[in-house]
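In case you want the letters, here they are:
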Amino acid sequence: MKSIAIVYEDDAHEKLIKALMSFLRIKTVEIDDELCEFHPPLGSKSNFFKIENDHYRLLKTKADNDVLKKILFVIDADNSSNDQVYGGLDNSKKKLSELIEALGIDHISDYFIVYNPDSNIGNTESLLLKTQPEDKRKCIEDFITCSNIKANRKSDKKFYQIYGLGCYEESFYNFDHPHFNELKEKIYNLFDLQQQATA
């Protein structure tokens, strides 16, 4: 029976969490993948915060019936200049806290907001790019500049896509980087594990 739920905003979050779980060798510390259920994307960030969503009704029912023991919410911070209601780190924290409290599941819930820690804005791609070595980032930036690819608010996604053309997807995830320490801690807490010295 699944007793852990991970609710995420888009597919990149599921890939990130699953890659990290594999990196942390969750299975070798006797965690059964069957304990964890992944809730699919809800279409957009504004939909993510709609409490009347069927996903949340089901989640609350499972929590109320003691089926779910822990829930982790994962969303992008994005940028408040593009969305003054849900965008930005502070708005994302506020809206997540309100959603969790309104569902009455704050005693079993936690959240992780994905962003570039140097700017407090962004998304999964922003975090992944920030954790790549400087020479790789510069190479991609130089390619975009000399190719006259127009930059916009989705430029981190362009970096990510270009990087992906020449590299295996696994290499996107530099989990040894300190920017991933908070997410590692969240995963360990989710599965009631002690932080391993090697992780």
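All figures in this text were calculated on a predicted structure; none of them were measured in a lab. (Residues numbered from 1 in each chain as written. Predicted model: local features only at pLDDT ≥ 70, side-chain atom pairs only at ≥ 80, totals over all residues. Heavy atoms only, no water.)

**Q** When you look at the packing of aromatic side chains in this model, what are you seeing that I'm missing?
**A** The relation between two aromatic rings is expressed through the spacing of the ring centres and the mutual angle of the planes. This model, assessed by the stated rule, comprises nine aromatic pairs. Arranged with centres 5.3 Å apart and planes meeting at 45 degrees, the rings of phenylalanine 23 and phenylalanine 175 form a pair that is tilted. Of this pair, phenylalanine 23 sits in helix H1 (residues 11-23) while phenylalanine 175 is found in the loop between helix H7 (155-166) and helix H8 (181-190), placing the two residues 152 residues apart along the sequence. When its relative accessible area of 3% is taken as the criterion, phenylalanine 175 is described as buried. Here the aromatic rings of phenylalanine 48 and phenylalanine 73 are separated by 6.4 Å at their centres, their planes lie at 80 degrees, and the arrangement is edge-to-face. Here the residue phenylalanine 48 occupies a position in helix H2 (residues 45-48), and phenylalanine 73 occupies one in strand E3 (residues 70-76), the gap between them amounting to 25 residues. With a relative accessible area of 0%, phenylalanine 48 lands in the buried category. Following the ring pairs from residue to residue traces out a cluster consisting of Phe48, Phe49, Tyr56, Phe73 and Tyr86. One cation-aromatic arrangement involves lysine 18 over phenylalanine 38; the distance from NZ or CZ to the ring centre is 4.8 Å. Across from the ring centre of tyrosine 111, 5.9 Å away, lies the NZ or CZ of lysine 186, which sits over that ring. (Phe/Tyr/Trp six-rings, centres within 6.5 Å; stacked < 30°, edge-to-face > 60°. Helix = DSSP H or I, 4+ residues; strand = E, 2+ residues; numbered from the N terminus. Buried < 20%, exposed > 50% of the residue type's maximum accessible area, 1.4 Å probe, protein only. Lys NZ or Arg CZ within 6 Å of the ring centre and 35° of its normal.)

**Q** Which parts of the structure should I look at to understand unusual backbone geometry?
**A** As a rule of thumb, non-glycine residues mostly have phi less than zero, and peptide bonds are mostly trans rather than cis. Phi is positive for aspartate 66, close to 65 degrees, though the residue is something other than glycine. Within the secondary structure layout, aspartate 66 lies in the loop between helix H3 (54-64) and E3.

**Q** Is there a simple way to think about the sheet that holds strand E4 (residues 109-114) in this case?
**A** Two strands in a sheet stick together by hydrogen bonds in their backbones, pointing the same way (parallel) or opposite ways (antiparallel). Reading across the sheet, the four strands line up as E2-E1-E3-E4 and stay open at both edges, with parallel pairing between neighbours. Every interior strand has two partners, whereas the edge strands, strand E2 (36-39) and E4, have only one. Looking at each pair of strands side by side, their axes are set apart by 20 degrees on average, direction ignored. Pairing of strand E1 (residues 4-8) with E3, which is carried by five bridges, proceeds in the parallel orientation. Bridging from a neighbouring strand, alanine 5 pairs with isoleucine 71 of E3. (Pairing = 2+ DSSP bridges. Axes fitted to C-alpha atoms, helices over the stretch in contact; angles between N-to-C directions.)

**Q** In this structure, what is going on with the packing of H1 against H8? I would like to understand it.
**A** For any two helices packed against each other, the geometry comes down to the angle between their axes and how far apart the axes lie. H8 packs onto H1 with a crossing angle of 75 degrees between their chain directions and a minimal axis gap of 11 Å. Compared by their axis directions, H1 and H8 come out roughly perpendicular. Contacts between H1 and H8 involve Leu16, Ile17, Leu20, Met21 and Phe23 from the former and Leu183, Lys184 and Ile187 from the latter. Here the residues of the contact of H1 with H8 sort into seven nonpolar, no polar and one charged. (Parallel < 35°, antiparallel > 145°, perpendicular 65-115°, else oblique. Contact = heavy atoms within 4.5 Å. Nonpolar A, V, L, I, M, F, W, Y, C, P; charged D, E, K, R; others polar.)

**Q** Looking at this structure, I do not really get the environment of leucine 190. What am I missing?
**A** Looking at where leucine 190 falls in the secondary structure, it is placed in helix H8. Measuring from C-alpha to C-alpha, the distance between leucine 190 and serine 109 comes to 9.2 Å, with 81 residues separating the pair along the chain.

**Q** Would you mind going over the side chain of histidine 13 with me for this structure?
**A** Structurally, the position occupied by histidine 13 is in helix H1. In terms of polar contacts, histidine 13 uses its side chain to reach the backbone amide nitrogen of glutamate 9, at 3.3 Å. With near-sequence residues (within four places) excluded, histidine 13 lies in contact with Tyr8, Val74, Ile75, Asp76, Val114 and Thr124. (Polar contact = N/O pair within 3.5 Å; in protein donor to acceptor, adjacent residues only side chain to side chain.)

**Q** Whenever I open this one, the pattern of salt bridges confuses me. Can you help?
**A** Where charged atoms from two side chains of opposite charge approach closely, those side chains can pair. Scanning the model with the defined rule gives twelve salt bridges in all. Glutamate 37 is the partner of lysine 62 in a salt bridge, and the nearest nitrogen-oxygen pair spans 3.0 Å. Placement of the pair is lysine 62 in helix H3 and glutamate 37 in strand E2, with a sequence separation of 25 residues. Residue classification places lysine 62 among the partly exposed residues on the basis of a relative accessible area of 22%. Judged by its relative accessible area of 11%, glutamate 37 is buried. Through salt bridges that share partners, Lys94, Lys95 and Glu98 make up one connected network. (Salt bridge = Lys/Arg side-chain N within 4 Å of Asp/Glu carboxyl O.)

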